[in-house]
Structures are given as structure tokens and as C-alpha cells.
Amino acid sequence: MKVLGLCSGRKNGNTEIMMKEAFMAIEEKCGAECQLVRIQETTINTCTGCESCMINHLKGNWDFRCVHKNGSDHFYFIEQLMREADAIIVSSPAYNLLPTGQLIKFLNKMHASGNYRDVVEQENKIGAAFSLGGTDWTNFTLNVCKMIAMELTGSYEALVDAVHFDFVPSKGAIVLEDEMLERMRQLGEHVADALLAKEKGEKTSYAGMRGICPDCHGNLLEIRADGIYCPQCLTKAKVSMVDGEFVAEFTEEARERNRWSIWGKRLHDDNIRKGHKKAAEGKAQIAERTKKYLEYDRAVQLPELLEE
């Protein structure tokens, strides 16, 4: 068994220490081989939005990956580690309410992963996520880490644990927080339990922080003109006040038609196909109408950078 940890914090920093605490528990309980990738040290080519991978994949051409060739950055090296892993743990400190930009940059490249998503959807890997903040300015961090873990392991059902902590700003100061480190050992044990259960053909339940949404366990809601939704799953909720408490209910029917369901993913792909079809049919009009915007150049000239 193999466990891969994606750590986007500082080298030997708090999130790395937390990951290693979870690794130690995993190794002790099930003997799985644990590997850590320091995302902040990787080179990941920025997705240019050319859509070449999306267009090819919608046509069924899974051999095409990206206009950035294999070997030009570390993406495919990490992707191969993910393919070999039985469990993936995603972690990040909070930067401006969010995970680090490098981790999100890695997520943006996942469209270039060929058939990876299809593979993990057929047989989910085990997933977990955790995050840490120096203060409580961390609102979206764990939610996004869970979403990334879901993308890498196949579904939110693959996640067995997720946890977030606040108010540990100094590098290495997590070693003073015995309760937090113990919780990380528990996360590792939950991953190990899930790996052992999977070998027996059994399932384990989610043991992480509970949110409002029963699928992504997120704690956010989005108000739209036609109702209130989980912004990650796009599952519509029925909200009410019961004995002075706010209650959000998600029906099974709504959950079966969220954005991560088979129905939702097909709708997503169909909408992309419709958009590309409309653009192809209007190619001449697009070329003519964009001339004035090409001529209207207000982009600043960027200065040359100093070599490090």
C-alpha cells in the first residue's frame, strides 16, 4: 500500500510536521509506504487556458495531455505518484483565506491528466485533507483542500477525514500543540483503517469535521435568485429556523443532481460542447468583432526581471 501526501506549506514547517505525524500513524497501523511532495518546491507550468486538453478529451482523445510537454515541469511526475498511490492526503496553510497559490496552480493542471479522473472514478482512492491558519482568516482553506482531495481520489465519498486548525502562525510552533498533533495521528489512523478496510472489500465512514453539506461537508451556503445552494456541490438546500437554530436540509433528489454526480458531470461536459459548437459556428463573426479589441491595446509593458 502507498500513501501520497501533497504538502504546500514551508519546508519543515507546520503542515509538513503535521503530515509526518499522520504518516507515522499510518506506517505503524498498516505498514503503508508514505511519500511526501513539497508542492512549494515544484515547478508547475501555468495553465494558459488554451483548452486543447479539454477539446481533445471531449472528443475521446485521452492520449493528448497538454501543450506543455511531459518533462517541462513536475506535473506528470506527481501525477504518476498519484496513480500509484492507494491514498492521497492534501494539505495547506491558509494564505489570504485560501490554500497556497502553488497548490491551486497544480489543481488547474488536472485537466491535462488524461484519463486520470476516469480511472479514479471507477475505483476511488482513499482521501483526506487538513489545513492550518496563523489566525482565523482561513474561511475557504479546508473547503478547497477537500475539493482538491476529492478531485484526486474520485469523489467526496472517498474522503475519510478532514480537519482544520487556527492560530499557529510561527514555523514549527505546531510541536507545542499536543492536541493538534494527536488529532493528526487520528487522521493517519483513519486513513490506515480505510486502507485495511478496502483490502477486505469494506467501507469506512467519514470521521472529519462536519459541515452543512452532507456530501462535501462544507460549511458555506450561497444565496441565488432561485434558492440557497452548497457553493461547492451546487446542491439546493431547504433552509428553516427550528427553535431559534438555522437548519439546512438537502434531499436525496437534490444530492443526486449536484455538480459532482454523474448527471452533473455530463451536464458540465454538454455545456462545454455547446459553447465550443457555438464558437465554431460563429468563427467568422468572432474574428470580425474582436478586431476593435485587438486594436484597443492598453496593456502595460512589464519590466525585465532581475536574475536570482
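Computed from a prediction, not measured in an experiment: that's the story for all the values here.

**Q** So what exactly am I meant to see when it comes to the pairing of strand β4 (residues 126-132) here?
**A** Along a regular strand, successive side chains alternate from one face of the sheet to the other. With seven of its seven residues buried, β4 lies for the most part within the structure. The side-chain alternation of β4 yields two buried faces, one formed by Ile126, Ala128, Phe130 and Leu132 and the other by Gly127, Ala129 and Ser131. Two elements, strand β3 (residues 87-93) and β4, share seven bridges in a ladder whose sense is parallel. Bridging across to β4, Ile89 finds its partner in Ala128. Summarising the sheet, β4 and strand β5 (residues 159-165) pair through six bridges and their orientation is parallel. Paired with Ser131 across the bridge in β5 is His164. For the crossover that starts at β4, traverses helix α6 (residues 141-153) and ends in the parallel β5, the hand is right-handed.

**Q** I tried to follow helix α1 (residues 14-30) on my own but got confused; where do I start?
**A** Every α-helix carries 3.6 residues per turn, so stepping three or four residues along brings you back to the same face. Here α1 contains 17 residues, and its C-alpha end-to-end distance of 24 Å stays within 8% of the 24 Å for a straight helix at 1.5 Å per residue. Three or more residues of α1 are buried, namely Asn14, Thr15, Glu16, Met18, Met19, Glu21, Ala22, Phe23, Ala25, Ile26 and Cys30. Where α1 is buried, its residues contact β1 (2-7), β2 (33-38), β3, β4, β5 and α7 (178-199). Downstream of α1 by a residue or two, Gly31 has a phi angle that is positive, lying close to 75°.

**Q** Could you clarify how one ought to interpret the nonpolar core in this entry?
**A** The tendency in soluble globular proteins is for nonpolar side chains to be buried as a group. Counting 39 residues, the largest nonpolar core has Met82, Phe106 and Leu152 as the members making the most contacts within it. In this structure Phe106 touches Leu6, Ile44, Phe75, Ile78, Met82 and Leu152, once residues within four positions along its chain are discounted. In terms of nonpolar packing, the next biggest core, distinct from the first, is built from 30 residues, Ile26, Ile89, Ile174 and Ala192 among them.

**Q** What am I meant to see in the sheet that holds strand β7 (residues 227-229) here?
**A** Sheet strands associate in pairs through backbone hydrogen bonding, adopting either a parallel or an antiparallel arrangement. Taken in spatial order, the four strands line up as β6-β7-β8-β9 in an open sheet, and their pairing is antiparallel. Strand pairing shows two members of the sheet lacking a second neighbour, β6 (222-224) and β9 (245-249), which therefore form its edges. Taken over all neighbouring pairs, the strand axes of this sheet differ in orientation by 45° on average, direction set aside.

Reading the values: the criteria
Residues numbered from 1 in each chain as written. Predicted model: local features only at pLDDT ≥ 70, side-chain atom pairs only at ≥ 80, totals over all residues. Heavy atoms only, no water. Buried < 20%, exposed > 50% of the residue type's maximum accessible area, 1.4 Å probe, protein only. Helix = DSSP H or I, 4+ residues; strand = E, 2+ residues; numbered from the N terminus. Pairing = 2+ DSSP bridges. Right-handed = clockwise from strand over helix to strand, strands pointing away. Expected span 1.5 Å × (residues − 1). Contact = heavy atoms within 4.5 Å. Core = buried A, V, L, I, M, F, W, Y, C linked by side-chain atoms within 4.5 Å. Axes fitted to C-alpha atoms, helices over the stretch in contact; angles between N-to-C directions.

Function-wise, these values are silent; they only describe arrangement.
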